[in-house]
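# Topology and contacts: notes
Below, each chain spelled out in residue letters.
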Amino acid sequence: METKDIIFQLRTKSGLTQDELAEKIFVTRQAVSRWETGETMPNTETLKMLSKLFDVSINTLLGFPRKLICQCCGMPLDDSSTSKETDGTFNEEYCKWCYKDGKFVYTSLEELTEFLVGHLSNENWPSQQARAFFEEQLPQLNYWKRQKK
């Protein structure tokens, strides 16, 4: 779905007119109309306001151009699993289980690995195999790369 359709859908689902949406995010009705026809796109600051107003990520507003994964545990992200900052804005780098209330939950790679192995291994994916997978993959994620520095 394109940004123009997403904005239209979110606005109408919220029961807002173009005028009402424009007033809430400090733009003109014409600006909203141009976004909904695809003539223009909201700027970065406006996307942030729309994200907060509609409680969706900027990635969602842009039609999911990026396949996001948590840069701590590797889980695929969507709006229901993406973490938020203390002010309510989405943090599209981490899941809500690795980053809560502006703080990281896991302080060591070993701690996260133990948690994941304990919760994700099963008869089809034995703990040794799961551990080997996580020990290889997790250090490639940005959060753990930064921890090494």
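Our structure is the block above this text.
Our subject in this report is the structure included herewith.

Analysis parameters
Residues numbered from 1 in each chain as written. Predicted model: local features only at pLDDT ≥ 70, side-chain atom pairs only at ≥ 80, totals over all residues. Heavy atoms only, no water. Axes fitted to C-alpha atoms, helices over the stretch in contact; angles between N-to-C directions. Helix = DSSP H or I, 4+ residues; strand = E, 2+ residues; numbered from the N terminus. Parallel < 35°, antiparallel > 145°, perpendicular 65-115°, else oblique. Left-handed = near helix turned anticlockwise from the far one by under 90°. Contact = heavy atoms within 4.5 Å. Nonpolar A, V, L, I, M, F, W, Y, C, P; charged D, E, K, R; others polar.

### A short note on the packing of helix 2 (residues 18-25) against helix 4 (residues 44-54)
Two elements in contact, helix 2 and helix 4, have axes whose closest approach is 10 Å; the angle formed by their N-to-C orientations is 110°. By the angle between their directions, the pair helix 2 and helix 4 is classed as roughly perpendicular. The two elements helix 2 and helix 4 cross, and the hand of that crossing is right-handed. For the pair formed by helix 2 and helix 4, the contact residues are Leu21, Lys24 and Ile25 on the first element and Thr46, Met49, Leu50, Leu53 and Phe54 on the second. Residues belonging to the contact of helix 2 with helix 4 are distributed by class as follows: six nonpolar, one polar and one charged.

### Here's the deal with the packing of helix 2 against helix 3 (residues 29-37)
One way to put it is that helix 2 packs onto helix 3 with a least axis distance of 8 Å and a crossing angle of 110°. With respect to their mutual orientation, helix 2 and helix 3 come out roughly perpendicular. Along this stretch, helix 2 crosses helix 3, giving a crossing that reads as right-handed. Where helix 2 abuts helix 3, its residues Gln18, Asp19, Leu21, Ala22 and Ile25 lie against Arg29, Val32, Ser33, Trp35 and Glu36. Partitioning the contact of helix 2 with helix 3 into residue classes produces five nonpolar, two polar and three charged.

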